[in-house]
Amino acid sequence: MSDRAIAAQLLKIEHWNFAKKMGLVNGDEKAIDFNLLIKALSTIDKLSKENNAFAKRLVVLLVSLIWEYSNVNFRNSFREIFTVVLSRIGVAPSSIVLDDNYKLHNRYSATNSYFSELSILINQLENEIVLGGKSYLLTEFQKKLWDKIEEQKILGISAPTSAGKSFIIYLKIVDLILKATSKNRFFE
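These numbers come from a predicted model, not from an experiment. (Residues numbered from 1 in each chain as written. Predicted model: local features only at pLDDT ≥ 70, side-chain atom pairs only at ≥ 80, totals over all residues. Heavy atoms only, no water.)

Enquirer: Describe the nonpolar core, and please don't skip the residues or the numbers.
Expert: Looking at soluble globular proteins, one finds that nonpolar side chains tend to be buried together. In this structure, Leu10, Ile32, Ile44, Leu62, Ile66 and Phe82 are the most contacted members of the largest nonpolar core, which totals 26 residues. Those elements giving two or more residues to this core turn out to be helix 1 (3–21), helix 2 (34–48), helix 3 (53–69) and helix 4 (75–88). Take this core: its biggest share by element is nine residues, from helix 3. Isoleucine 44 has contacts with Val59, Leu62, Val63, Ile66, Phe82 and Val85, leaving out every residue within four places of it along the chain. (Core = buried A, V, L, I, M, F, W, Y, C linked by side-chain atoms within 4.5 Å. Buried < 20%, exposed > 50% of the residue type's maximum accessible area, 1.4 Å probe, protein only. Helix = DSSP H or I, 4+ residues; strand = E, 2+ residues; numbered from the N terminus. Contact = heavy atoms within 4.5 Å.)

Enquirer: Which residues make up helix 8 (residues 165–182), and what values do they have?
Expert: Counted at 1.5 Å a residue, the expected span for helix 8 with its 18 residues is 26 Å, and the 26 Å between its end C-alpha atoms agrees. On its buried side, helix 8 packs onto strand 1 (128–131), strand 2 (134–137) and helix 7 (140–151). (Expected span 1.5 Å × (residues − 1).)

Enquirer: So, the pairing of strand 2: which residues are in play, and what are the values?
Expert: With four bridges connecting them, strand 1 and strand 2 associate as antiparallel partners. For valine 130, the partnering residue across the bridge sits in strand 2 and is serine 135. Linking strand 1 to strand 2, which pair antiparallel, is a turn of two residues; within it glycine 132 sits at a positive phi near 60°. (Pairing = 2+ DSSP bridges.)

Enquirer: Outline the pattern of salt bridges, supporting the account with residue identities and numerical values.
Expert: Applying the stated rule across the entire model yields eleven salt bridges. The partner of arginine 88 in a salt bridge is aspartate 45, with the nearest N and O atoms 3.2 Å apart. With a gap of 43 residues between them, arginine 88 in helix 4 and aspartate 45 in helix 2 connect regions that are remote in the sequence. The exposure class assigned to arginine 88 is partly exposed, which follows from its relative accessible area of 28%. The residue glutamate 140 makes a salt bridge to lysine 144 at a minimum N-O spacing of 3.9 Å. In this pair, glutamate 140 and lysine 144 both sit in helix 7, four residues apart, roughly one turn of the helix. The exposed category is assigned to lysine 144, whose relative accessible area is 53%. Counted as one network, the salt bridges with shared partners bring together Glu150, Lys172, Asp175 and Lys179. (Salt bridge = Lys/Arg side-chain N within 4 Å of Asp/Glu carboxyl O.)

As structure tokens, this is what we get:
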């Protein structure tokens with residue numbers, strides 16, 4: 001089964017369940033069957049190792065659909081896998097929604113694997129900045145934007161809504177103010 005066919009099967013479940021919630025169809029809500037789940041997890045792993053925008057978008061779609069429509073008892077195992085995968089593709093902040101511990105204590109729950117812990121740490125360190133003593137976990141796009149702002153005096157930014165442009169601009173303003181006040185100057 002192709003990557004797109006797997007996504008299509010998961011989207012059929014999403015559409016059915018949405019129609020069910022809207023009262024447009026009769027019957028039970030659908031869940032992901034085990035065979036489709038295994039194929040989807042394998043596809044996520046494979047695609048997360050590719051370095052292209054389509055593969056990354058497909059990984060995020062598959063992760064979100066599996067998280068939403070698979071057996072709730074598997075979620076802790078998925079949390080670990082998905083945190084590694086989302087960190088690998090440069091969208092680590094998305095994995096925060098999978099982990100209640102991160103929301104409460106600003107750190108991930110323990111994993112069952114030392115390798116997973118190291119993988120998450122290494123991937124996230126690439127996209128982390130420290131500002132005013134606080135760490136900010138950024139997406140790969142946001143980190144590249146942060147670095148470009150550091151390098152350039154003038155920079156044009158074009159990216160889709162919700163890419164995180166405004167957040168980085170606000171952080172950079174705070175960064176410049178903190179740097180200026182530490183030098184007892186407001187602007188350079």
